[in-house]
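Breakdown of the fold
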Amino acid sequence: MLSQTSDVVLLGLFAGLTLLVLARRPLGIRPPASVYLPYLWTFFLVFTLAELVSFKVGIWVLAVVCFLALREYFSLVDMRIQDRWAILGAYLAVPFMFYYVHTDWYGMFIVSIPVYAFLVIPFLVALGGEDAKGTVQSVGLIDLALVLLVYCIGHIGYLAFYSVWIAVLVVAGVVICDLSALLLKARDRAPLQSVLMQVLVPGPVVALLAVVMTPWTGIPWVHGVALGILIPALVATGCFTIDRLEVDLGIDRAHLRPGRGETLNSLKSYVYVAPVAFHYLRYFLDAF
């Protein structure tokens, strides 16, 4: 009975998001919310497919999201023409990593990017041409993209493998933090005070949500409270970090569009949350 109810709720959430995405222009929803919604819808598409159809179908939708994020990033950074083999290697790292999520090969998943891709990319950069100038910069640019946009986001997929509802909880916690940040930005605050408020204000709401969802997630209330502290802190950290990268990449947050910062901006809240929440829960929960 609980399983049937959870399926209905998940389908209802996905249907509601679908209607919201389709009606965002008539409703007058403006950026950043209007830009953020399609990517939130995509996450729930992944979860709905994973729960109601097949996890092995849903996970490759997430792989496409990572591929698009990687492509957008490479369109924004200044890469050398001789780095084309390394860029191809970065694109191939996406199915390379997601295959291990698909097959539940945790040992290979956890080292796929930080070990194997990080060893292959410098070799491909060096292989690209005789001009060594800029090699270190190219390796750093590509490896940064792989770890943030593929490896970190990929942890959401592995969370969904263990429990779709745990993945839903983490994503919903991020949404609460992002909505809180939007409301807090309407008031002028000192930078440090603003960051503290972004952590303290949504924390109780995230913790309450985690406790309420315990029957579906199986997360004990004490760890739900811990997530209420952890998720807002990680969202604030990730947004602060990626904001600096966006400025350096020349992304205009007032005019976001596909290929010009939209994907990167929409995923920035997840890059710290996904891996840390995953490993926290995997360490403390026997179900993992």
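Scroll up a little and you will see the structure.
An account of the accompanying structure is given in this report.

Criteria and thresholds
Residues numbered from 1 in each chain as written. Predicted model: local features only at pLDDT ≥ 70, side-chain atom pairs only at ≥ 80, totals over all residues. Heavy atoms only, no water. 1 Å grid on protein atoms, 1.4 Å probe; cavity = no way out; pocket = protein on both sides within 12 Å on 5 of 7 lines; lining within 4 Å. Points joined across faces, edges and corners; volume = space filled by probe spheres on them. Helix = DSSP H or I, 4+ residues; strand = E, 2+ residues; numbered from the N terminus. Nonpolar A, V, L, I, M, F, W, Y, C, P; charged D, E, K, R; others polar. Core = buried A, V, L, I, M, F, W, Y, C linked by side-chain atoms within 4.5 Å. Buried < 20%, exposed > 50% of the residue type's maximum accessible area, 1.4 Å probe, protein only. Contact = heavy atoms within 4.5 Å. Patch = residues over 30% accessible without salt bridge, like charges linked within 9 Å, V, L, I, M, F, W, Y side chains within 5 Å. Areas by Shrake-Rupley, 256 points an atom, 1.4 Å probe, with all protein chains shown as cover. Salt bridge = Lys/Arg side-chain N within 4 Å of Asp/Glu carboxyl O. Polar contact = N/O pair within 3.5 Å; in protein donor to acceptor, adjacent residues only side chain to side chain. Expected span 1.5 Å × (residues − 1). Phe/Tyr/Trp six-rings, centres within 6.5 Å; stacked < 30°, edge-to-face > 60°.

Right, let's get into the layout of surface pockets. Empty space among the atoms can be located by rolling a probe the size of a water molecule over them. The calculated volume of the second largest pocket comes to roughly 210 Å³. Every residue along the wall of the second largest pocket is listed here: Pro-38, Tyr-39, Thr-42, Val-65, Leu-68, Arg-71, Glu-72, Ser-75, Pro-258, Gly-259, Glu-262 and Thr-263. Of all the secondary-structure elements, those providing two or more residues to the lining of the second largest pocket are α2 (33-52), α3 (55-76) and α12 (262-267). Of all the elements, α3 adds the most residues to the lining of the second largest pocket, at five residues. Residue composition of the lining of the second largest pocket, by class: five nonpolar, four polar and three charged.

Now for the nonpolar core. Phe-44, Phe-47, Phe-74, Ile-142, Leu-146 and Tyr-270 are the most contacted members of the largest nonpolar core, which has 96 residues in total. The element contributing the most residues to this core is helix α6 (residues 135-162), with 15 residues. Each residue touching Phe-44, except ones within four places of it in the same chain, is listed here: Leu-10, Leu-13, Phe-14, Leu-17, Val-168 and Val-171.

All right, on to a nonpolar patch on the surface then. On the surface, Val-211, Trp-221, Val-222, Val-225 and Ile-229 cluster together to form a nonpolar patch covering roughly 480 Å² of accessible area. Looking at which element gives the most residues to the nonpolar patch, the answer is helix α11 (residues 221-249), with four residues. Inspection of the secondary structure puts Val-222 in helix α11. Overall, Val-222 belongs to the partly exposed group, its relative accessible area being 45%.

Bringing the environment of Asp-104 into the picture now. You can see Asp-104 is positioned in the loop between α4 (84-102) and α5 (106-127). Classification of Asp-104 as partly exposed rests on a relative accessible area of 35%. In sequence terms Asp-104 and Leu-245 are 141 residues apart; their C-alpha atoms lie 32 Å from each other. Sequence-distant contacts of Asp-104, defined by excluding residues within four places in its chain, comprise Tyr-158 and Phe-161. Engagement of the side chain of Asp-104 in a polar contact is seen with the side chain of Tyr-158, the distance being 2.6 Å.

Let us now look at helix α7 (residues 164-184). A rise of 1.5 Å per residue sets the reference length of α7, with its 21 residues, at 30 Å; its end C-alpha atoms lie 30 Å apart and thus fit the reference within 8%. Within α7, 17 of the 21 residues are buried, which leaves the element mostly enclosed by the surrounding structure.

What follows concerns the packing of aromatic side chains. The geometry of an aromatic ring pair is captured by two quantities: the separation of the ring centres and the angle between the planes. Counting across every chain of the model gives 24 aromatic pairs. Centroid distance Phe-43 to Tyr-270: 4.8 Å. Interplanar angle 55 degrees. Geometry classified as tilted. Of this pair, Phe-43 sits in helix α2 while Tyr-270 sits in the loop between α12 and α13 (273-284), placing them 227 residues apart in sequence. A single burial state applies to Phe-43 and to Tyr-270, both of which are buried. For the pair Tyr-158 and Phe-161, a centre-to-centre distance of 5.7 Å together with 85 degrees between the ring planes defines the contact as edge-to-face. A residue pair is termed a helical-turn pair when its members lie 3 or 4 positions apart in one helix, as Tyr-158 and Phe-161 do in helix α6 at three residues. Judged by its relative accessible area of 0%, Tyr-158 falls in the buried class. The rings of Phe-55, Tyr-106, Phe-109, Tyr-151, Tyr-158, Phe-161, Tyr-162 and Phe-278 are connected pair by pair, giving a single aromatic cluster.

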